[in-house]
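# Secondary and tertiary structure notes
Residue strings, one per chain:
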Amino acid sequence: MAFVEKIAGHAGNVGGLPINRALPTPKRRLIGAWCFLDHAGPADLPPGEGMKVGPHPHTGLQTFSWLIEGEVMHRDSLGSAQVLRPGQVNLMTAGRGIAHSEESLTPRLHLAQLWIALPDAQRFCAPAFEHFPVLPRFKEGGFDVTLLAGEHGGQRSPIPLHTPLLGLDLLSSGPAEAELALRPDFEHGLMVLEGSIDVGLEGKKIEHLELGSLLYLSPGFEGVTLHSGAPTRLLLLGGEPLTERPLLWWNFIARSGAEIQQFAQDWNAGSGSFAGVAVQGFDGPRLPAPDASQLHLRIV
Ligand code: MN
């Protein structure tokens, strides 16, 4: 039986930038392989107090950075140094281990920082970084759509994925309506980044969704109707429900507590999968992993 669930995000701070985290929550941890959804800003950071996230590691995931306003400098242990600008995506595949730093180059900043869990077959792959300056754009009803991930409306995003996913950025400059087809084998989430939206399913309005909350749609829906009364931006994320159970702790994704402890120990000691993994060109210290020795992790 198809169902919807409204999930309240929680506020936080990443490297000096205010964020709202929609996933993971105690109630829901995944939408397909999307496992971490941060909406950062919009914010005007005071001079000298930009976002600055020092070198830190990742494993078992892809970080997907979608920039709406401002500029962010990405550096990583593969030697990448890439400025991310509005309308662009940085995709970093951590695989068995990578480290990166991020810093804002502009006072104004607005972005979505999303993580994608890698499936078992790819989670120890070689790390990689790719920059996507241009993504497919088209109209759906009164919305300007950017196809971030997957396929929609006969178009396909160039971003390489390891599980079936969808990512759309939808922008209206005023009152607008759209009816979007959904894959019924996907679960979906709607996340408002600016303004608010009326969401309709199966011919009736079911929710007025505001900034800061996520509407989860289970598999089984064939379409969704969106209606905005004012300028609005939202993300529609979807994916085939994962059968694997990724375990997320700090910046690592693994499958067991022992694996997490090993990653933390290796990062802090610069050994094992993090031997020689360092970010060049960042002015500041690397971020140590918190103490993982007392972890009692449960895979749910
Ligand atoms: Mn990171």
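In the block above lies the structure referred to throughout.
Scope of this entry: the structure provided in the associated data block. (Residues numbered from 1 in each chain as written. Predicted model: local features only at pLDDT ≥ 70, side-chain atom pairs only at ≥ 80, totals over all residues. Heavy atoms only, no water.)

The next thing to look at is the coordination of the manganese ion. Note on metal geometry: ideal angles are 109.5 degrees for four donors arranged tetrahedrally and 90 or 180 degrees for six donors arranged octahedrally. With distances of 2.1 to 2.2 Å, the protein atoms coordinating the manganese ion are His56 (NE2), His58 (NE2) and His100 (NE2). In primary sequence terms, the donor set of the manganese ion follows H-x1-H-x41-H. A residue pair is termed long-range when its members are at least 10 positions apart, and His56 in strand S5 (residues 52–58) and His100 in strand S10 (residues 98–104) qualify at 44 residues. The burial state of His56 is the same as that of His100; both residues are buried. (Donors = N, O, S within 2.8 Å, 3.2 Å for Na, K, Ca; no water. Helix = DSSP H or I, 4+ residues; strand = E, 2+ residues; numbered from the N terminus. Buried < 20%, exposed > 50% of the residue type's maximum accessible area, 1.4 Å probe, protein only.)

Let's shift gears to the sheet that holds strand S21 (residues 204–210). Pairing is antiparallel across the open sheet formed by four strands, whose spatial order is S18-S23-S20-S21. The sheet is open, and its two edges are formed by strand S18 (176–181) and S21, each paired on a single side. Direction aside, the axes of adjacent strands within the sheet are offset by 25° on average. Where strand S20 (residues 196–201) and S21 come together, six bridges link them in antiparallel fashion. By the bridge assignment for S21, Gly200 is matched with Lys205. (Pairing = 2+ DSSP bridges. Axes fitted to C-alpha atoms, helices over the stretch in contact; angles between N-to-C directions.)

This brings us to the layout of surface pockets. Considered as a void within the structure, the largest pocket measures approximately 340 Å³ in volume. Val14, Phe36, Asp38, Trp115 and Asn251 are the residues nearest the centre of the largest pocket, which is lined by 21 residues in total. Those elements that provide at least two residues to the lining of the largest pocket are strand S2 (10–14), strand S3 (17–23), strand S4 (34–44), S5, S10 and strand S11 (108–117). Tallied by class, the residues present in the lining of the largest pocket amount to 10 nonpolar, eight polar and three charged. Taken as a whole, the second largest pocket encloses approximately 290 Å³ of empty space. (1 Å grid on protein atoms, 1.4 Å probe; cavity = no way out; pocket = protein on both sides within 12 Å on 5 of 7 lines; lining within 4 Å. Points joined across faces, edges and corners; volume = space filled by probe spheres on them. Nonpolar A, V, L, I, M, F, W, Y, C, P; charged D, E, K, R; others polar.)

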